[in-house]
Amino acid sequence: MNDMTPPQKSLPKDWETDQEVRWCPGCGDYAILKAVQRTMPEIGARPENTVFVSGIGCSSRFPYYMETYGFHTIHGRAPAVATGVKLANPELDVWIITGDGDALSIGGNHTMHLLRRNLNCQVLLFNNEIYGLTKGQYSPTSRVGTRSPSTPFGSVDRPAAPCAFALGSGARFVARGIDVHKNLPMVLKAAYAHQGAAFIEIFQNCIVYNDDVFAAFTEKANAGNQMWVTHGEPLLFAGGTKGLAMDINRLMLKVVDVTDGDWQGAGVAVHDQTNRGLAHMLVEMPFGAFPMALGVLYDDPAPTFDSAVIAQNKAAAHGKKPDLQKLLSQGQTWMVEKQPHVI
């Protein structure tokens, strides 16, 4: 028997294609692309075993720039194509790349069903709160008052919250990241390790149509407004001088001051990523009065859709031989023996 040579670990450059990357200069998509390409070797993924599926939008050019298999599909339908890919070959690592408009507007129905079914895949939603590819129309996540070519007097729509949508759809893994932040690869690794549908909202700056919309917590000067959560660690922010505690009377979180690092004395809660109720509170905190919660907010695996389908098909086929002719002729069949009339 010949000895098998284990495959060499890939390098970030092994995930780069020869295609010219075509996003606007300064777009946050560049940073996300580099973060994914750096992360793939670290999680032990293989290009020949990886598929990126996208819909329509600026983010959906992503598959062209990854040296893997890929599908650039139609608006909002990436979850449907990704489901077919995963069921056809469950051994593949399937990543879905989408945007706030692609996933939550025309594709909202498909996104919901992918999450509730719990297909084993990773969903990266690039949220820039605007339709960039079609020249700056307001999107499902645009804030009230957003001025755009389609809302010159300011949008009056109430925005959708991607992570709240994911939790409401039954997602078992929900996380947030920032396009240029050093912690994004950490979030990507956690999503890949999760067995089931892993949903990540990535705040991505659109430098042309919605520049600095997230500056209140993404700029270095405002880093104190970020709260990166870690399972088993206290919910602290602002350099550890503030934290989140449970308001028992109102059944919600509240901000408390932390003196001399005594977070326990201040009653600061500890993050439990398996607590769905806590995850809901974190994603629905109004920013300004509260920090922006980032990192893995919820991670509680459940049986996956693809494993259930495979098990069902295996059970249905047990003890049976494939016979196409028998399948075609079963049920109500008949032979037409009378000759047709001569015309």
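Here goes a summary of the coordinates provided. Since we're looking at a predicted model, the values are computed, not measured.

**Comments concerning unusual backbone geometry**
Keep in mind that most residues, glycine aside, have a negative phi and that most peptide bonds are trans. Non-glycine residue Lys135 carries a positive phi angle of around 75°. Mapped onto the elements, Lys135 comes out in the loop between strand 4 (121-127) and helix 5 (162-168).

**Some details on the sheet that holds strand 8 (residues 236-237)**
Sheet architecture is open: three strands sit in the order 8-9-10, paired in antiparallel fashion. Both edges of this open sheet fall to strand 8 and strand 10 (252-257), since each of them pairs with a single strand only. Across the face of the sheet, helix 8 (residues 276-283) comes into contact with strand 9 (242-247) and strand 10 while running at roughly 65° to strand 10.

**Notes on the pattern of salt bridges**
Pairs can form between side chains of opposite charge once their charged atoms are near each other. Counted under the stated rule, the structure contains nine salt bridges. Glu20 is the partner of Arg22 in a salt bridge, and the nearest nitrogen-oxygen pair spans 3.6 Å. With respect to burial, Arg22 and Glu20 carry one shared label: exposed. Notably, a salt bridge pairs Lys189 with Glu42, separated by 2.4 Å at the nearest N-O pair.

**Comments concerning the packing of helix 2 (residues 78-88) against helix 9 (residues 305-317)**
For the pair helix 2 and helix 9, interaxial distance at closest approach is 10 Å and the crossing angle is 50°. The orientation of helix 2 with respect to helix 9, classified from their angle, is oblique. Relative to helix 9, helix 2 is oriented so that their crossing is right-handed. Side by side, helix 2 and helix 9 meet where Thr83, Lys86 and Leu87 of the first sit next to Phe305, Asp306 and Val309 of the second. Looking at the contact of helix 2 with helix 9 residue by residue, the class counts come to three nonpolar, one polar and two charged.

**Quick notes on a nonpolar patch on the surface**
On the surface, a nonpolar cluster with roughly 240 Å² of combined accessible area is contributed by Ile207, Val208 and Tyr209. Residue placement: Ile207 occurs in the loop between strand 6 (197-203) and helix 7 (215-218). Residue Ile207 is classed as partly exposed on the basis of its relative accessible area of 35%.

**Overview of the nonpolar core**
The biggest cluster of nonpolar side chains holds 44 residues, and the ones touching the most others in it are Val174, Phe199, Met227, Leu235, Leu244, Leu282 and Met285. For Met227, the contacting residues outside a window of four places in its chain are Leu235, Leu236, Phe237, Leu244, Leu282, Met285, Pro291, Met292, Ala293 and Leu294. If you look at the next biggest cluster of nonpolar residues, it comprises 28 residues, including Met40, Phe52, Phe126 and Phe173.

**A look at the packing of aromatic side chains**
The tally for this structure, following the rule as stated, stands at eleven aromatic pairs. Their ring planes at 85° and their centres at 5.6 Å tell us that Trp23 and Tyr30 sit as a pair that is edge-to-face. Owing to a relative accessible area of 9%, Trp23 belongs among the buried residues under this scheme. On the basis of relative accessible area, Tyr30 is assigned to the partly exposed category, the value being 28%. Geometrically, the ring pair formed by Phe217 and Phe287 is edge-to-face, given 5.4 Å between the ring centres and 65° between the ring planes. Taken together, the residues Phe217 in helix 7 and Phe287 in the loop between helix 8 and strand 11 (292-299) connect sequence positions 70 residues apart. Taken together, the ring pairs in this structure connect Trp23, Tyr30, Phe52, Phe62, Tyr65, Trp95, Phe126 and Tyr192 into an aromatic cluster. Across the ring face of Phe305, the terminal group of Arg117 is positioned such that the distance to the ring centre comes to 5.6 Å.

Parameters at a glance
Residues numbered from 1 in each chain as written. Predicted model: local features only at pLDDT ≥ 70, side-chain atom pairs only at ≥ 80, totals over all residues. Heavy atoms only, no water. Helix = DSSP H or I, 4+ residues; strand = E, 2+ residues; numbered from the N terminus. Pairing = 2+ DSSP bridges. Contact = heavy atoms within 4.5 Å. Axes fitted to C-alpha atoms, helices over the stretch in contact; angles between N-to-C directions. Salt bridge = Lys/Arg side-chain N within 4 Å of Asp/Glu carboxyl O. Buried < 20%, exposed > 50% of the residue type's maximum accessible area, 1.4 Å probe, protein only. Parallel < 35°, antiparallel > 145°, perpendicular 65-115°, else oblique. Left-handed = near helix turned anticlockwise from the far one by under 90°. Nonpolar A, V, L, I, M, F, W, Y, C, P; charged D, E, K, R; others polar. Patch = residues over 30% accessible without salt bridge, like charges linked within 9 Å, V, L, I, M, F, W, Y side chains within 5 Å. Areas by Shrake-Rupley, 256 points an atom, 1.4 Å probe, with all protein chains shown as cover. Core = buried A, V, L, I, M, F, W, Y, C linked by side-chain atoms within 4.5 Å. Phe/Tyr/Trp six-rings, centres within 6.5 Å; stacked < 30°, edge-to-face > 60°. Lys NZ or Arg CZ within 6 Å of the ring centre and 35° of its normal.

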